[in-house]
Amino acid sequence: MQRKRYAPGRTGSTARTAAVLTSVLGLSLGLGLTGCSAGTPAGDVAVDAKAGPVTPVAPPGRYRTLFEPCGAVPQATLKDLLPGAAALPDAERGKAYRGIAAVTYDTDRRVGCSWKADSPDTSHRLALDIERVVSYDPAVSDDDRAQEVYVRKQLAAGIPVPPTAPPTTTAPTPTTTATATGTASGPGADTPDPTSTTTAAKTSPPATATSTAHPTGTGPTSAGPGPTGLEPRVLDGLGDIAYLADVLSTVGAKGHQRAVSVVFRTSNVIVTVSYREQTTGSAEAPDSKELQEKARNLARLLAERLEE
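Predicted model, so just to flag it, every value in this text is computed and none were measured. (Residues numbered from 1 in each chain as written. Predicted model: local features only at pLDDT ≥ 70, side-chain atom pairs only at ≥ 80, totals over all residues. Heavy atoms only, no water.)

Some points on the overall build of the chain
Heads up, the rule is: To qualify as a helix, a DSSP run of H or I must reach at least 4 residues; to qualify as a strand, a run of E must reach at least 2; elements of each kind are numbered from the N terminus. Relative accessible area decides the class of each residue, using a 1.4 Å probe on protein chains only: under 20% of the type maximum gives buried, over 50% gives exposed, and in between gives partly exposed. Between two residues, a contact is recorded if the distance between any of their heavy atoms is within 4.5 Å. Surface accessibility in these figures is a Shrake-Rupley result with a 1.4 Å probe; residues are shielded only by whichever protein chains are displayed.
In terms of helices and strands, the chain carries 8 helices and 7 strands. Scored against the burial criterion, the 308 residues of the chain give a buried share of 25%. The long-range fraction of contacts in the chain, counting pairs at least 24 apart against all pairs at least 6 apart in sequence, stands at 60%. Within the structure as shown, the chain displays about 20800 Å² of accessible surface, and the carbon and sulfur contribution to it stands at 59%.

A few points about the confidence of the model for the chain
A low pLDDT means the predicted coordinates there should not be read in detail. Our working rule: Confidence per residue, as judged by the predictor, is encoded in pLDDT with a range of 0 to 100.
Model confidence for the chain is summarised by a mean pLDDT of 75, while 63% of its residues fall at 70 or above. This stretch, residues 17–21, has a pLDDT under 50; its non-local contacts, to residues over four places away or in other chains, come to 0 contacts. Below a pLDDT of 50 lies the segment residues 27–40, which in the model reaches 0 contacts outside its immediate sequence neighbourhood of four places, other chains included.

Some remarks on the pairing of strand β7 (residues 269–279)
Rules: Note: two strands are recorded as paired if DSSP finds a minimum of 2 bridges between them.
β7 sits mainly inside the fold: 8 of its 11 residues count as buried. As judged from the 11 bridges shared by strand β3 (residues 122–132) and β7, these two strands associate in the antiparallel manner. Opposite Asp-129, over in β7, you have Thr-272 as the bridge partner. Between strand β6 (residues 255–266) and β7, which pair antiparallel one after the other, the connecting turn spans 2 residues, and Ser-267 there sits at a positive phi close to 55°.

Points about the pattern of salt bridges
To keep it simple, the criterion reads: By definition, a salt bridge exists where a carboxyl oxygen of Asp or Glu is found within 4 Å of a side-chain nitrogen of Lys or Arg.
Tallied over the entire structure, the rule returns 11 salt bridges. As a salt-bridge pair, Lys-294 and Asp-80 come within 3.7 Å of each other at their nearest N and O atoms. Note that Lys-294 is positioned in helix α8 (residues 288–307) and Asp-80 in helix α3 (residues 75–81), a separation of 214 residues in sequence. Overall, the relative accessible area of 41% leaves Asp-80 in the partly exposed class. A single network of salt bridges, built from pairs that share partners, joins Asp-80, Glu-290 and Lys-294.

Points about the packing of aromatic side chains
Any aromatic ring pair is given by two values, namely how distant the centres are and how the planes are angled relative to each other. To keep it simple, the criterion reads: Any two of the Phe, Tyr and Trp rings considered here, Trp counted by its six-membered ring, make a pair once their centres fall within 6.5 Å; the pair's planes then place it as stacked at under 30 degrees, edge-to-face at over 60, or tilted in between.
What the rule picks out here adds up to 1 aromatic pair. Ring geometry for Tyr-150 against Tyr-243: centres 5.6 Å apart, planes inclined by 55°, an arrangement best described as tilted. A residue pair is termed long-range when its members are at least 10 positions apart, and Tyr-150 in helix α5 (residues 142–156) and Tyr-243 in strand β5 (residues 241–251) qualify at 93 residues.

What to know about the sheet that holds β5
What counts, and what does not: Here, axes are lines fitted to C-alpha atoms. For helices the fit covers the stretch in contact, and angles between N-to-C directions go from 0 to 180 degrees.
Spatially, the 7 strands line up as an open sheet ordered β1-β2-β3-β7-β6-β5-β4, and their pairing is antiparallel. The sheet is open, and its two edges are formed by β1 (100–101) and β4 (233–235), each paired on a single side. In the sheet, strand β2 (residues 110–118) pairs with β3 via 9 bridges, with the strands oriented antiparallel. Among the inter-strand pairings, Gly-112 is bridged to a residue of β3, identified as Asp-129. This element, α5, spans β3, β4, β5, β6 and β7 of the sheet and lies at about 160° to β6. Sheet strands touched by α8: β3, β4, β5, β6 and β7. Its angle to β6, the strand with the most contacts, is close to 25°.

A short note on α5
Rules: For a helix, the expected span equals 1.5 Å multiplied by the number of residues minus one. The arc under discussion is defined with respect to the helix axis, by the directions toward the C-beta atoms.
Along its 15 residues, α5 runs 21 Å from first to last C-alpha, staying within 8% of the 21 Å computed at 1.5 Å per residue. Among all positions of α5, only Asp-142, Ala-146, Val-149, Tyr-150 and Gln-154 are buried. Around the axis of α5, the buried residues are gathered within 140° of arc, so they sit on the same side. Summarising the geometry of α5, the exposed residues directed more than 90 degrees from the buried face are Arg-152 and Leu-155. Positive phi appears at Gly-158, one or two residues downstream of α5, with a value of about 80°.

A look at the nonpolar core
Quick reminder of the rule: We define a nonpolar core as any set of buried Ala, Val, Leu, Ile, Met, Phe, Trp, Tyr and Cys residues linked to one another through side-chain atoms lying within 4.5 Å.
Among the nonpolar cores identified, the biggest contains 37 residues, and Phe-264, Val-273 and Leu-302 are the most heavily contacted of them. Of all the elements in the fold, those that place two or more residues in this core are α3, α4 (90–98), β2, β3, β5, β6, β7 and α8. Among the elements that make up this core, the one with the highest residue count is α8 (7 residues). Contact partners of Phe-264, with chain neighbours within four places excluded, come to Tyr-150, Leu-238, Gly-239, Ile-241, Ala-242, Val-269, Ile-270, Val-271, Ala-299, Leu-302, Ala-303 and Leu-306. With 9 residues, the next largest nonpolar core counts Val-133, Ala-146, Tyr-150 and Ile-270 among its residues.

Some details on the side chain of Ser-123
Inspection of the secondary structure puts Ser-123 in strand β3. Every residue in contact with Ser-123, bar those within four places of it in the chain, is listed here: Ala-117, Asp-118, Arg-276, Glu-277 and Gln-278.

Description of the state of the cysteines
Structurally, a disulfide amounts to a covalent bond that connects the sulfur atoms of two cysteines. Note the following rule: Put simply, a disulfide is two cysteine sulfurs that come within 2.5 Å.
Taken as a whole and judged by the stated rule, the model has 1 disulfide. For Cys-70, the disulfide goes to Cys-113, at an S-S distance of 2.1 Å. Judged by the sign of its S-S torsion, about 105°, the cystine formed by Cys-70 and Cys-113 is right-handed. Taken as a pair, Cys-70 in the loop between α2 (40–49) and α3 and Cys-113 in strand β2 lie far apart in primary sequence, 43 residues in all. What makes Cys-70 buried here is its relative accessible area of 12%. What makes Cys-113 buried here is its relative accessible area of 3%.

Here it is as structure tokens:
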């Protein structure tokens, strides 16, 4: 048999065949790896689905910082609240109007300031306390937590929190009226029923007695005459909610001190205005109406400052 002649081109063909096989093998491996990696997100989705619904987080309060309290009160207001400062020397008068800042460790959470001025017969003290309430419970908002703090202050001042109005129910009166109407429309309706007349006469006295009695909390009390409008009470038109406390006490043998506090809440900030006047000797007790009016005017100014 005649041997085949060696052809150099055969070597190149074999190399090309090997290269094709290598490419096919690499493509197969690549598809396999791609299939494995493509399945990973599906497993992740399955794990996330088992985590359950996300718990909603309560919204934060409106305020994140507080204003500087000593500079928040206009000097004209301080002159009215501290009449004794007008007689002081210039240096002391300026110091009295500047006030003294309260010691605090976080001015974004709580700030305060106080002023005082004395005269021979009277002395006046003014203090501000401003607190920003933060809830660390994600299910309780800052406003709700601030309301809890406010309610504790109001109850400590001896002022009850107004109860929530109960749902309106249908009174039984329409049923009774319908029965009476039905009886009147029957036979003999024009003839008066002596039995019903006697019953009405027997029930009239208790109804009259009830109508003349004082409702609970509105009649005279053992402490003195009826309400004058100056007693400790809840205030309207100041912040989200507010109250006023007024306490008169005796100081020494003949002195008197009246302390008026106005507390209000706006969102997650609680502001307390404390105003006191003390008399000595034969001076009369401080006037409740005057002190309350001055304290409420200052509280309104601070409420407007929070709205800026």
